[in-house]
Amino acid sequence: MAPNLVAVTTEKSNNNDFTLLQVHDSDSPMFSEKQKATSPKQFTWFLLLKLHRVVTCLSWLTSGLKATFALVKKRVSLADMSDEGPKSRGRLYRFIKIFLALSIGGLAIEIIAHFNKWNLHMIHPWEVKGLLQWSYVAWLSFREDYVAPLVLMVSKFCIVLFLIQSLDRLVLCLGCFWIKYKKLKPTIEPDAYDVEDPSNFPMVLIQIPMCNEREVYSQSIGAAAQLDWPKDKILIQVLDDSDDGNLQLLIKEEVASWKEKGVNIVYRHRLIRTGYKAGNLKSAMSCDYVKDYEFVAIFDADFQPNPDFLKLTIPHFKGKPDLGLVQARWSFVNKDENLLTRLQNINLCFHFEVEQQVNGHFLNFFGFNGTAGVWRIKALEESGGWLERTTVEDMDIAVRAHLNGWKFIFLNDVKALCELPESYEAYKKQQHRWHSGPMQLFRLCLPAIITSKISVWKKANLIFLFFLLRKLILPFYSFTLFCIILPLTMFIPESELPLWVICYVPIVMSFLNILPSPKSVPFLVPYLLFENTMSVTKFNAMVSGLFQLGSAYEWVVTKKTGRSSERHSESGLELLGKLKKSEAPPKKKRNKLYRKELALAFLLLTASARSLLSAHGVHFYFLLFQGLSFLIMGLDLIGEQVS
């Protein structure tokens with residue numbers, strides 16, 4: 001029997017009143033046309049159309065999953081695992097594996113309990129059937145009484161750290177807005193240097209430290225040689241630590257070609273190459289002729305300063321005898337090369353636009369970036385010169401100069417062109433060095449900071465903000481809160497994290513990070529996931545630096561591609577070198593697998609499956625997408641891909 005239908009029709013009368021007619025009988029003549037419109041044949045076609053859409057969707061999903069699994073299988077079979085030995089994995093990887101195994105076991109038990117509808121508050125002791133159910137009921141009681149309070153206490157501690165760091169980030173952004181609003185910039189004395197009288201220009205030393213930089217050495221030497229400064233007032237030192245004899249010849253030839261053009265340039269190669277970059281710079285500063293120079297500008301091998309770089313930076317020293325450093329900003333030739341470089345660009349734009357600019361304006365102190373900066377040589381000498389005790393020699397000399405009373409200036413509108421790491425492997429190694437070195441330095445500098453003659457405010461800023469908050473607390477809470485505690489709370493719902501911790505505040509903070517590079521706003525969500533994914537590398541580096549573990553002393557030169565020199569004409573020696581290289585059997589190059597990232601990927605995906613049982617909407621999606629981002633990183637599917 002067909003269900004009764006109800007229809008409402010309206011008829012307009014002459015006096016604009018409406019009459020409502022209600023029909024309850026589907027056999028009424030009014031429905032004759034409607035019955036024709038909803039014939040069984042058309043209803044069948046409607047169902048077939050819906051079925052076709054469902055089949056198409058399932059086919060698309062199946063083909064997508066098939067292609068994904070094929071890609072994963074190929075990547076696993078062809079991946080290079082040479083750098084993933086037991087030493088490189090360490091205790092953190094073992095901890096994550098144990099946590100993953102417990103999570104998988106817990107998920108299996110929770111699924112059984114969910115479908116059997118076991119509930120602690122509904123089951124009486126005499127209703128328990130079987131050892132498994134008894135164990136589950138006992139676990140629920142133990143979890144609620146002992147485990148949940150402990151997890152809740154740790155999570156609250158991490159949330160407090162998270163809020164403190166977010167407040168620091170907000171204050172930095174407000175400082176940047178204030179600088180923009182007031183149009184505040186470092187000023188130059190009116191009578192700094194007369195550009196029409198080169199005899200008044202100070203003596204400037206240019207240093208280009210490099211080590212096996214085959215792809216970029218020529219562009220940095222060429223850019224330095226074209227700096228607009230009187231030829232008798234400048235000397236370029238090419239500090240080559242390369243261990244490749246053929247590459248040494250190429251660099252010597254490049255230096256000789258510029259010397260023939262009248263450029264005052266010298267080539268230096270150390271026989272005993274100790275101390276990495278710090279040892280190289282220290283050796284160069286020991287030359288007798290250095291005493292004739294007042295300033296030294298440092299450029300890494302992939303940096304290309306504009307010809308007016310010195311004329312935009314050196315004048316700031318005039319009339320400021322306590323100014324020790326003028327730091328310029330970096331710009332990137334390959335920021336749009338791939339997703340990895342785009343996300344790095346967001347981070348570094350915030351670092352320069354906000355952190356460096358605000359600290360430089362309000363505190364006259366920030367960490368030296370190691371390149372694209374000009375030092376007063378007197379400041380270097382009075383601060384103890386370059387030391388080889390850490391892998392962050394740039395931050396080391398900056399802290400010691402600050403303790404000696406020297407001031408710094410950051411120029412946001414003066415830029416030097418360079419390139420970003422394009423592969424995840426190169427970026428990961430760079431970040432490990434950048435986050436382990438500051439913790440080494442903190443251990444070494446803490447006594448000197450405490451006993452220094454600077455003000456209490458400056459000491460507090462160095463210890464609590466510069467080192468602890470931005471170098472230690474940030475990687476600690478980011479990894480602990482979002483990669484350990486959040487998946488743990490899915491199995492301990494009594495200590496569940498509030499929604500604003502995992503969603504609202506991180507999105508707001510990520511949005512503030514993206515503001516200095518507004519074109520990157522579409523990458524807000526990938527950036528948030530990327531930063532959480534990198535937390536495992538930064539946390540591991542921070543711990544190794546703090547406790548002086550073996551990996552804290554690793555120095556790997558960041559791989560360069562030479563993007564801005566792709567059209568450079570090759571010399572005879574370069575062509576000969578490439579010919580010899582082509583004759584040698586090619587070394588197979590492969591993308592890598594990263595086990596810590598893969599283990600965390602499966603851990604977060606397991607936790608997301610558990611969150612489905614509790615109907616946690618936002619928690620589920622966050623864990624799902626964060627787990628997928630870890631999977632992408634672990635399979636090395638971001639950045640440069642090797643065929």
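Reading the values: rules and limits
Residues numbered from 1 in each chain as written. Predicted model: local features only at pLDDT ≥ 70, side-chain atom pairs only at ≥ 80, totals over all residues. Heavy atoms only, no water. Helix = DSSP H or I, 4+ residues; strand = E, 2+ residues; numbered from the N terminus. Buried < 20%, exposed > 50% of the residue type's maximum accessible area, 1.4 Å probe, protein only. Contact = heavy atoms within 4.5 Å. Axes fitted to C-alpha atoms, helices over the stretch in contact; angles between N-to-C directions. Parallel < 35°, antiparallel > 145°, perpendicular 65-115°, else oblique. Left-handed = near helix turned anticlockwise from the far one by under 90°. Nonpolar A, V, L, I, M, F, W, Y, C, P; charged D, E, K, R; others polar. Core = buried A, V, L, I, M, F, W, Y, C linked by side-chain atoms within 4.5 Å. Domains from an automatic or database assignment. Pairing = 2+ DSSP bridges. Polar contact = N/O pair within 3.5 Å; in protein donor to acceptor, adjacent residues only side chain to side chain. UniProt positions renumbered as here; feature names shortened; annotations may be inferred. Phe/Tyr/Trp six-rings, centres within 6.5 Å; stacked < 30°, edge-to-face > 60°.

Caption draft 1: The overall build of the protein, seen in detail. Check the secondary structure of the protein and you find 18 helices and 10 strands. Considering the protein as a whole, with its 643 residues, one finds that 49% of them fall into the buried category. By sequence separation, contacts in the protein at least 24 residues apart represent 79% of the contacts at least 6 residues apart.

Caption draft 2: Structural context of the packing of helix α13 (residues 456-491) against helix α14 (residues 499-514). The geometry of α13 relative to α14 is characterised by a closest axis approach of 12 Å and an angle of 160° between their N-to-C directions. Taken together, α13 and α14 sit at an angle that is classed as roughly antiparallel. Classified by chirality, the crossing of α14 by α13 is left-handed. For the pair α13 and α14, the contacting residues are L481, F482 and L486 in the first and V501, I502 and P506 in the second. Looking at the contact of α13 with α14 residue by residue, the classes come out as 6 nonpolar, no polar and no charged.

Caption draft 3: Structural view of the nonpolar core. Residues I206, I221, L310, W375 and V399 are the most contacted members of the largest nonpolar core, which totals 86 residues. Domain assignment of the residues forming this core places at least three in each of domain 1 (151-184 + 430-556 + 591-642) and domain 2 (201-422). Beyond its immediate stretch of four places on either side in the chain, I206 contacts A224, L227, I234, L235, I236, Q237, A297, F299 and L310.

Caption draft 4: The sheet that holds strand β8 (residues 323-332), seen in detail. Spatially, 8 strands are ordered β5-β4-β3-β6-β9-β8-β10-β7 in an open sheet, and the strand pairing comes out mixed. Both edges of this open sheet fall to β5 (265-269) and β7 (304-305), since each of them pairs with a single strand only. In this sheet, strand β4 (residues 234-240) lies alongside strand β3 (residues 204-210) in parallel orientation, the contact comprising 7 bridges. For M210, the partnering residue across the bridge sits in β4 and is D240. Against the sheet, helix α7 (residues 276-285) contacts β3, β4 and β5, and its axis sits at roughly 145° relative to β3.

Caption draft 5: Quick peek at unusual backbone geometry. Positive phi outside glycine occurs at N212, with the angle close to 55°. Here the phi dihedral of Y276 falls at roughly 55°; this positive angle occurs in a residue that is not glycine. Relative to the helices and strands, Y276 resides in helix α7. On the basis of relative accessible area, Y276 is assigned to the partly exposed category, the value being 42%.

Caption draft 6: Main features of the side chain of T533. One can find T533 in helix α15 (residues 524-546). A polar atom in the side chain of T533 sits 2.7 Å from the backbone oxygen of L529. Ignoring sequence-local partners within four residues, the contact set of T533 consists of Q626, S629, F630 and M633.

Caption draft 7: Main features of the UniProt feature "transmembrane region" (unreviewed entry) in the protein. Residues annotated by UniProt as "transmembrane region" (unreviewed entry) correspond here to residues 92-115, 146-164, 462-491, 497-515 and 597-613. Secondary structure within residues 462-491 divides into 100% helix and 0% strand; the distance between the first and last C-alpha atoms comes to 40 Å.

Caption draft 8: Focus on the packing of aromatic side chains. Taken as a whole and judged by the stated rule, the model has 26 aromatic pairs. Consider the rings of F162 and Y477, whose centres lie 5.3 Å apart with planes at 50°: the pair is tilted. Of this pair, F162 sits in helix α4 (residues 131-182) while Y477 sits in helix α13, and the two are 315 residues apart along the sequence. Y477 gets classed as buried once you look at its relative accessible area, which sits at 5%. Seen from their ring centres, F366 and F408 are 5.6 Å apart, and the 65° between their planes marks the pair as edge-to-face. Of this pair, F366 sits in the loop between α9 (339-362) and β9 (373-376) while F408 is found in strand β10 (residues 407-418), placing the two residues 42 residues apart along the sequence. For the pair shown, F366 and F408 are each scored as buried. An aromatic cluster of at least three residues, connected via ring pairs, comprises F303, W330, F352, F365, F366, F368, W375, F408, F410, F442, F466 and F467.

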